[in-house]
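So you can see what is in the structure, the chains are spelled out below.
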Amino acid sequence: MQILLWPFKLVLRLALSLVLLGLVAWTFGALYYDMPFLNQAAAWFWLGSAATMLLFIRQAWRKSLFIGLAFVGVLSWWLKLQPQANREWQPDVAQLPWAEVAGDEVTIYNVRNFDYRTTTDFTPTWETRKVRLSQLTGIDLFINYWGSPWMAHPIASFQFKDAPPICFSIETRKEVGEKYSAIGGFYRQYELICIAADERDIVRLRTNYRPGEDSYLYRIPVSPERARERFMEYVATMNGLRDQPRWYNAATTNCTTAIRTQRPASERAPWDWRILVNGKADEMLYERRAFITDGLSFPELREKAHINAAAQAADKSPDFWKLIREGRPGFGATPTGNAPPP
């Protein structure tokens, strides 16, 4: 009987060890990134204590009790951390955009339209834009890569008959001196912001000034009615963040998952691992027929969607948004039909 039970006991011990290691790792990260005072000292003290317990205490229940109580205590404190609206923000996220809706007219405040000379040398300009929902014709999607082919950043651009496009980009709102940390993004390091911007700002910054970044532009086959629904979702997100700050989270509330959760759960497309590993999101959207493709295969479409050269040639032209679309698939005809929500 003992021989038969041995594999089962081994599996249980391994499972318990993995759970305990996971709790230790999460607790270490919460202390390291989010404890305002002595964060690194507290985190390393915890790691040393936990390692001692795991290595030198034989009884599994004692290990579990010690680590479990520490985890619950840190989690209880961590959940009470509140996002703030008033910090010393970096200049590019210093202003929160928001909008007023009066019938057909939407007034958007704090639309970013900076004049860049380098990524750190720029003239800040925050504009007020008025657009009419009845003139909204469609949505284009920029997907930007800054290094790994597995991770990307989506930017939605809304097109109007009588006005330049308005872009929305959900990002981390960083403080002065703060840098993005991939691991820290899983904790409560950054507040969330939904930037409203001109394409000459938010797209050109990535194609013309940030080295090593690549941007791709796709047209979504969406009706004006559905485009207005999506636009108003972004308006609701902007106004919601102005009224109540929220935390960014690299897994649950990031630049892609936050877009998906803007709409009711019953209206969301099925979950796909490429929503989280969003460097493959354009491939997923192609498979779901969410792009106008002009009959091209995905590799062909992606090659033609690359806009860096066109953006660099257009640079500060007032027709930047038109020039980067010339000759691209989907931009030679009026889009029709409804795209499934990403």
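Provided above is the structure to which this section pertains.
Definitions and limits used
- Residues numbered from 1 in each chain as written.
- Predicted model: local features only at pLDDT ≥ 70, side-chain atom pairs only at ≥ 80, totals over all residues.
- Heavy atoms only, no water.
- Helix = DSSP H or I, 4+ residues; strand = E, 2+ residues; numbered from the N terminus.
- Contact = heavy atoms within 4.5 Å.
- Polar contact = N/O pair within 3.5 Å; in protein donor to acceptor, adjacent residues only side chain to side chain.
- Expected span 1.5 Å × (residues − 1).
- Buried < 20%, exposed > 50% of the residue type's maximum accessible area, 1.4 Å probe, protein only.
- Axes fitted to C-alpha atoms, helices over the stretch in contact; angles between N-to-C directions.
- Parallel < 35°, antiparallel > 145°, perpendicular 65-115°, else oblique.
- Left-handed = near helix turned anticlockwise from the far one by under 90°.
- Nonpolar A, V, L, I, M, F, W, Y, C, P; charged D, E, K, R; others polar.

Asker: Mind showing me how you'd approach the environment of Gln159 here?
Answerer: When you line up the elements, Gln159 lands in strand S7 (residues 153-160). The spacing of Gln159 and Phe186 is 27 residues in sequence and 34 Å in space, taken between C-alpha atoms. Setting aside its immediate chain neighbours within four residues, Gln159 contacts Gln135, Leu136, Thr137, Gly138, Asp140, Pro165, Glu199, Arg219, Trp321 and Arg325. Within the structure, Gln159 has its side chain in polar contact with the side chain of Asp140 (distance 3.3 Å).

Asker: I keep staring at helix H6 (residues 224-243) and nothing clicks. Help me out?
Answerer: Because an α-helix packs 3.6 residues into every turn, residues spaced three or four apart end up facing the same way. Under the 1.5 Å per step criterion, the end-to-end length of H6 is 28 Å for 20 residues, consistent within 8% with the ideal 28 Å. Those residues of H6 that sit buried are Arg226, Ala227, Arg230, Phe231, Glu233, Tyr234, Val235, Thr237, Met238 and Leu241.

Asker: So what exactly am I meant to see when it comes to the packing of helix H2 (residues 39-56) against helix H3 (residues 60-78) here?
Answerer: Think of two packed helices as two axes; the pair is described by the angle between the axes and how far apart they sit. Close contact between H2 and H3 brings their axes to 9 Å; oriented N to C, the two are set at 160°. Considering the angle they form, H2 stands roughly antiparallel to H3. In the packing of H2 onto H3, the handedness of the crossing is left-handed. Across the interface between the two elements, Trp46, Ser49, Ala50, Met53 and Leu54 from H2 touch Arg62, Lys63, Phe66, Ile67 and Ala70 from H3. Within the contact of H2 with H3, the residues separate by chemical class into seven nonpolar, one polar and two charged.

Asker: What is the right way to read the side chain of Ser169 from this model?
Answerer: Relative to the elements of secondary structure, Ser169 occurs in strand S8 (residues 166-173). When its relative accessible area of 0% is taken as the criterion, Ser169 is described as buried. In this structure the side chain of Ser169 is engaged in a polar contact, spanning 2.6 Å, whose partner is the side chain of Glu171. Every residue in contact with Ser169, bar those within four places of it in the chain, is listed here: His153, Ile155, Ile193, Cys194, Ile195, Ile202 and Arg206.

Just geometry here; none of it tells us what the structure is for.
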